[in-house]
Amino acid sequence: MPNALNSEPAIRIDNISKRYGRTLALDGISFDIRNKELFALLGPNGAGKTTLLHILCTLLRPDSGVAQIRGFDVVKQPLAARRLLGIVFQEPSLDDRLTVRENLNLHGLVFGVPRKLRRQRIEEMLDLVELTDWADKTARTLSSGMKRRLEIARAMIHDSEIMLLDEPTVGLDAQTRERIWTYIRRLQRERQITVLVTTHYIEEVEGCDRVCIVDQGKVLALDTPEALKRDHGQQLLRIVPKDAEVRQDILTRFGDRLAGDPGKAGDTILLTSDDAFVELMLADFGNRIRSLAVEVPSLETVFLTLTGREIRDHDAGARERTLAFGKRGGEHTR
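Residues numbered from 1 in each chain as written. Predicted model: local features only at pLDDT ≥ 70, side-chain atom pairs only at ≥ 80, totals over all residues. Heavy atoms only, no water.

Peer 1: Tell me about the packing of aromatic side chains, and name the residues and values.
Peer 2: With the rule as written, the count across this model stands at three aromatic pairs. Both rings, one in Phe254 and one in Phe285, keep their centres 6.3 Å apart while their planes meet at 65°; by these two values the pair is edge-to-face. Residue Phe254 is located in helix α9 (residues 244-254), and its partner Phe285 is located in helix α10 (residues 275-285); the two are separated by 31 residues in the primary sequence. Since its relative accessible area comes to 6%, Phe254 is described here as buried. Taken together, the aromatic side chains of Phe254, Phe277 and Phe285 make up a single cluster linked through ring pairs. In this arrangement the basic side chain of Arg177 is found over the ring face of Tyr201, its NZ or CZ atom lying 3.7 Å from the centre. Directly above the ring of Phe277 sits Arg257, whose terminal nitrogen or CZ lies 4.1 Å from the centroid. (Phe/Tyr/Trp six-rings, centres within 6.5 Å; stacked < 30°, edge-to-face > 60°. Helix = DSSP H or I, 4+ residues; strand = E, 2+ residues; numbered from the N terminus. Buried < 20%, exposed > 50% of the residue type's maximum accessible area, 1.4 Å probe, protein only. Lys NZ or Arg CZ within 6 Å of the ring centre and 35° of its normal.)

Pasting the structure below:
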């Protein structure tokens, strides 16, 4: 029979809502995250991902609903919940005046890690994120990618069982993003921790245990990447016509196959497809289009199917971050 620790979800989110004025950032969302799970919260900027993480790490209070970290209510028992968390915020939070080692040591001191254990963990984490050679350099001398690696290392200095990462690779180049994910997966595997990561980069979540797709503050779907593609994905045909006349001809003839809003796609037309339709399109419009690409079922097409638009249609990230970190009722929520 499983013990209480294994049966209790690492994170429980039950009917959480949060409003900023007239903006409903979270609209009664509910889901559990299992122990030792690599769990991704996937959605466009402005979907409510950052707001949810700020509630989980006790920086924001929900308007309604309950959020728990290993059974601890984040509103009623914030200190107990917070001690279990390692957090990497989307916004930089290092002390640039301190060295790499000093940043790690300060975090260990704050969380009461004994001196001997603190020294051991600092060396372990420096090695893990490949910053040993930079240990005595000030944080301000690091590149953006190195700073993010340091923040990941810092989050694991104390006895954190659950790691929360808010868009950990935003603004980084593709090679650095892949490197960051290598550290995240290695940490999750070696330390047997639960990881909740938010992202709007679909390609980053393929290797996660489960993916929760959110948009406009609501959960649209939650399952393994394979199950999401099986249940919601579809084959699409991405077409770039030679001119506006051809574009209109295609829209008039195949408007019932439109996937997404053609007004937001520029010259590109996205149509639901199968092999027979590809042959039909080539036969009827082959010499009147600039390019044609078949997209097999993917998490990108899953999101398109669920929302009617592509995940990077808009950029409301700055708005959500302002709301989450701004003032309300005379208090700083940061």
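Text resumes after the structure shown.
Peer 1: Tell me about the side chain of Gln235, residues and numbers included.
Peer 2: Secondary-structure assignment places Gln235 in the loop between α8 (225-232) and β11 (236-241). Exposure remark for Gln235: the relative accessible area of 18% places this residue in the buried category.

Peer 1: Tell me about the sheet that holds strand β12 (residues 269-272), and name the residues and values.
Peer 2: If you walk across this open sheet you meet the three strands as β12-β11-β13, and the pairing is antiparallel. Two strands bound the open sheet, and with one partner strand each, they are β12 and β13 (289-295). Strand after strand, the sheet turns through a mean of 20° between neighbouring axes, direction not considered. Taken together, the four bridges between β11 and β12 define a ladder with antiparallel strand orientation. By the bridge assignment for β12, Ile239 is matched with Ile269. Along the sheet, α10 contacts β11, β12 and β13; its crossing angle with β13, the most-contacted strand, is approximately 175°. (Pairing = 2+ DSSP bridges. Axes fitted to C-alpha atoms, helices over the stretch in contact; angles between N-to-C directions. Contact = heavy atoms within 4.5 Å.)

Peer 1: I'd like a description of the layout of surface pockets, backed by residues and values.
Peer 2: For the largest pocket, the calculated volume is near 540 Å³. Every residue lining the largest pocket is counted, 22 residues in all, and those nearest its centre are Phe89, Ser93, His107, Phe111 and Arg154. Of all elements in the fold, only β6 (85-88), α4 (100-110) and α6 (144-155) reach the threshold of two or more residues within the lining of the largest pocket. Element by element, the count of residues in the lining of the largest pocket is highest for α4, at four residues. Taken together, the residues of the lining of the largest pocket break down into 11 nonpolar, six polar and five charged. (1 Å grid on protein atoms, 1.4 Å probe; cavity = no way out; pocket = protein on both sides within 12 Å on 5 of 7 lines; lining within 4 Å. Points joined across faces, edges and corners; volume = space filled by probe spheres on them. Nonpolar A, V, L, I, M, F, W, Y, C, P; charged D, E, K, R; others polar.)

Peer 1: Account for the environment of Leu38, with residues named and values stated.
Peer 2: Position of Leu38 relative to the elements: it lies in strand β3 (residues 38-42). It is 9.4 Å that separates the C-alpha atoms of Leu38 and Arg189, two residues lying 151 residues apart in sequence. Filtering out sequence-adjacent residues up to four positions away, Leu38 remains in contact with Trp181, Ile184, Arg185, Gln188, Val195, Gly207, Cys208, Asp209 and Arg210.

Peer 1: Run through a nonpolar patch on the surface, naming residues and quoting values.
Peer 2: On the surface, a nonpolar cluster with roughly 280 Å² of combined accessible area is contributed by Leu106, Leu109 and Val110. Mapped onto the secondary structure, Leu109 falls in helix α4. (Patch = residues over 30% accessible without salt bridge, like charges linked within 9 Å, V, L, I, M, F, W, Y side chains within 5 Å. Areas by Shrake-Rupley, 256 points an atom, 1.4 Å probe, with all protein chains shown as cover. Salt bridge = Lys/Arg side-chain N within 4 Å of Asp/Glu carboxyl O.)

Peer 1: Can you break down the nonpolar core residue by residue, with the values?
Peer 2: Looking at soluble globular proteins, one finds that nonpolar side chains tend to be buried together. Formed by 45 residues in total, the largest nonpolar core has its most connected members in Ile152, Met163, Leu165, Ile184 and Val211. Among all residues touching Met163, those that are not within four sequence positions of it are Gly86, Ile152, Ala155, Met156, Leu187, Ile193, Thr194, Val195 and Leu196. Counting 31 residues, the second largest nonpolar core, distinct from the first, contains Phe31, Leu53, Ala67 and Leu164. (Core = buried A, V, L, I, M, F, W, Y, C linked by side-chain atoms within 4.5 Å.)

Peer 1: Describe the packing of α6 against helix α7 (residues 174-191), with residues and values.
Peer 2: The N-to-C vectors of α6 and α7 enclose an angle of 10°; their axes lie 10 Å apart at closest approach. The angle between α6 and α7 falls in the class roughly parallel. Here α6 contributes Gly145, Arg148, Arg149 and Ile152 to the contact with α7, which in turn contributes Thr176, Arg179, Ile180, Tyr183, Ile184 and Leu187. Of the residues assigned to the contact of α6 with α7, the class counts are five nonpolar, two polar and three charged. (Parallel < 35°, antiparallel > 145°, perpendicular 65-115°, else oblique.)

Peer 1: Account for α6, naming residues and giving values.
Peer 2: Its 12 residues place the ends of α6 17 Å apart at the C-alpha level, agreeing with the 16 Å of an ideal helix rising 1.5 Å per residue. Those residues of α6 not exposed but buried are Gly145, Met146, Arg148, Arg149, Leu150, Glu151, Ile152, Ala153, Arg154 and Ala155. In this structure, the buried side of α6 is in contact with β6, α4, α5 (115-128), β7 (162-166) and α7. (Expected span 1.5 Å × (residues − 1).)

Peer 1: For the confidence of the model for the protein chain, give the residues involved together with the corresponding values.
Peer 2: Scored by pLDDT, the protein chain has a mean of 88; 90% of the residues are at 70 or more. Note that residues 1-5 has pLDDT below 50 and, in this model, two contacts with residues that lie over four places away or in other chains. Scored below 50 in pLDDT, residues 313-334 makes 42 contacts in the model with residues more than four places away or belonging to other chains. (pLDDT = per-residue confidence, 0-100.)

Peer 1: Describe the pattern of salt bridges, naming the residues involved and giving the relevant values.
Peer 2: Pairing is possible between side chains of opposite charge, provided their charged atoms come close. In total, this model carries 22 salt bridges according to the counting rule given. The residue Arg97 makes a salt bridge to Asp95 at a minimum N-O spacing of 3.1 Å. We note a salt bridge from Lys147 to Asp96, for which the minimum N-O separation is 3.9 Å. Of this pair, Lys147 sits in helix α6 while Asp96 sits in the loop between β6 and α4; the two residues are 51 residues apart in sequence, bridging distant segments of the chain. Judged by its relative accessible area of 23%, Lys147 falls in the partly exposed class. The class of Asp96 is partly exposed, set by a relative accessible area of 30%. Several salt bridges share partner residues, and in doing so they unite Arg34, Glu37 and Arg210 into one network.

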